[in-house]
Amino acid sequence: MTATTDGTTTGAALPDGREPTLDAGRTPLLEVPGADFETLPGQAVRGLVTRHGALLVRGLGLRAPKDLARAARWLGVTPTAEREAFTSRTDHSDGVYSASQWPADEPMCMHHELSYAAEVPSIALFGCLTAPSSGGATAVADARTLLRTLPADLVERFAREGWLLDRDYREVGVSWTEAFGTEDRAEVAAYCADHAIEHEWLADGVLRTRQRRAAVVAHPVTGERLWFNQIAFLNGLTLDPAVREYLTSFYGPDALPFNTRFGDGEAIPEEVIETLNAAYTAATSREPWQAGDLLVVDNLRTAHSREAYQGDREIVALFGDPVRLTGHVRTDVPARPAAA
């Protein structure tokens, strides 16, 4: 890493001497105007992602979903089909999906994609086809920084117990048929058994699940200890207050579409969720989208979010190179409260 004359720092160079710019508070940025997949070495770019955790490549000129599929092949990324999603996406084929369908005026909290799955994508690609007029950045945060800045006793408890994700597949979010890609209950049961997910069918046809996962994991390549979960993002407190009040009054406090708990089943207090989100905010780096940008994220080491925005915004996503992390799946799952 070297210092430039304007006070910024740069990371390791590509074979032709081009280097990413590393400014405090900004996503690592590699500008390659006019470059294409044939002339820019994909493995060298991937090496920069390993080094920095995330990299925004500007200048490739992505214009359509198929360009993100080309980027995956260029980087040597094997796409994976999304299962257990909690928001709807449009499937563009070849492993490319639209961004999550989430209200433009509501931010999406920091999270690691599918960190609650038994097999998780180790890399995430995002392509900007249309940049919003304002806001809408896909910001990033280093999972190692979270471990250093969160209260030690809180980290120790989550490291010891893991975390629980409870889901009731109701009218908020995706249906179970969309989430699991099937209308066959037997296939859902087989998937749940294969992925250490406790499940039951309620009398009204709602699928209820619970799974226990590690909150702190070791990176399979570097061995680094990482804060890796969606404890804050998928907690019931992130729901719009009016929506949460309606669902709670109608179905009861234990039947939200999604909620997280300590690994022993105890409810997570609001102040803990606030502490987690404050730590993410302090660790956040961002770079406003420009049309054609490619963002490559080490999904294990780096969390990402989506800021509120105005105007048209079209982002496509691809998740790939799935891994099963040592100790991530906890098979001892405390029972959920009985359905009302």
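Everything numeric here is computed off the predicted structure, so don't read it as measured data.

> Would you mind showing me how to read the pairing of strand β12 (residues 197-201) here?
Two faces make up the sheet, and in a regular strand the side chains alternate between them. Judged from the five bridges that link them, β12 and strand β13 (residues 207-213) form a sheet pairing that is antiparallel. Residue pairing in the sheet places E198 in a bridge with R210 of β13. Connecting β12 to the next strand, β13, in antiparallel fashion are five residues, including G205 with a positive phi near 85°.

> Even after reading the chapter, I still don't get the pairing of strand β11 (residues 163-168), so can you show me in this structure?
Burial of β11 is extensive: six of the six residues sit out of reach of the surface. Burial along β11 is two-sided: W163, L165 and R167 and L164, D166 and D168, pointing in opposite directions, are all buried. Pairing of β11 with β13, which is carried by six bridges, proceeds in the antiparallel orientation. Along β13, the bridge assignment pairs L165 with Q211. Bridge count for β11 against strand β16 (residues 258-262) is five bridges, and the pairing is antiparallel. Within β16, the residue paired with D166 across the bridge is N259.

> Would you mind showing me how to read the layout of surface pockets here?
Take a probe with the size of a water molecule and roll it over the atoms, and the empty space left behind shows itself. There is about 430 Å³ of room inside the largest pocket. Surrounding the largest pocket, 21 residues form its lining, W102, P103, E106, L239 and D240 being those nearest its centre. Broken down by secondary-structure element, the contributors of at least two residues to the lining of the largest pocket are β7 (108-111) and α7 (241-251). For the second largest pocket, the lining is made up of 20 residues, of which P28, H52, D142, S285 and R301 are closest to its centre. In the lining of the second largest pocket, the residues fall into seven nonpolar, seven polar and six charged.

> So what exactly am I meant to see when it comes to the side chain of E113 here?
Structurally, the position occupied by E113 is in the loop between β7 and β8 (120-130). Using a relative accessible area of 4% as the deciding quantity, one classes E113 as buried. What E113 contacts, discounting residues up to four positions off in sequence, is E82, R89, P121, Q230, N299, H304 and F319.

> Teacher, can you tell me more about the environment of I231 here?
Structurally, the position occupied by I231 is in the loop between β15 (225-227) and α7. Classification of I231 as buried rests on a relative accessible area of 0%. Between the C-alpha atoms of I231 and E198, which are 33 residues apart in sequence, the distance is 18 Å. With residues near it in sequence (within four places) discarded, I231 still touches F158, W163, A215, T260, I268, I273 and L276.

> I tried to follow the pattern of salt bridges on my own but got confused; where do I start?
A side chain of one charge can pair with a side chain of the opposite charge if their charged atoms are brought near each other. Across all of its chains, the model carries 27 salt bridges by this definition. Residue R58 is joined to D293 by a salt bridge in which the shortest nitrogen-to-oxygen separation is 2.7 Å. One end of the pair, R58, is in strand β5 (residues 54-58); the other, D293, is in the loop between β17 (284-285) and β18 (294-298), with 235 residues separating them in the sequence. Between R301 and D142 there is a salt bridge; the shortest N-O distance is 3.4 Å. In this pair, R301 sits in the loop between β18 and β19 (302-306) while D142 sits in strand β10 (residues 140-142), placing the two residues 159 residues apart along the sequence.

> Would you mind showing me how to read empty space enclosed by the protein here?
Summed over the entire model, instances satisfying the criterion amount to five cavities of 30 Å³ or more. In this structure, the largest cavity spans a volume of roughly 150 Å³. In terms of lining residues, the largest cavity is bounded by 15 residues, among which A99, S100, M108, F126 and H304 are the most central. The set of elements that each furnish at least two residues to the lining of the largest cavity consists of β7, β19 and β21 (314-323). Across the lining of the largest cavity, the residue classes break down as six nonpolar, five polar and four charged. Around the second largest cavity, the lining residues are D166, R210, P253, D254, A255, L256, N259, R261, R336 and P337.

Quick notes on the rules
Residues numbered from 1 in each chain as written. Predicted model: local features only at pLDDT ≥ 70, side-chain atom pairs only at ≥ 80, totals over all residues. Heavy atoms only, no water. Pairing = 2+ DSSP bridges. Helix = DSSP H or I, 4+ residues; strand = E, 2+ residues; numbered from the N terminus. Buried < 20%, exposed > 50% of the residue type's maximum accessible area, 1.4 Å probe, protein only. 1 Å grid on protein atoms, 1.4 Å probe; cavity = no way out; pocket = protein on both sides within 12 Å on 5 of 7 lines; lining within 4 Å. Points joined across faces, edges and corners; volume = space filled by probe spheres on them. Nonpolar A, V, L, I, M, F, W, Y, C, P; charged D, E, K, R; others polar. Contact = heavy atoms within 4.5 Å. Salt bridge = Lys/Arg side-chain N within 4 Å of Asp/Glu carboxyl O.

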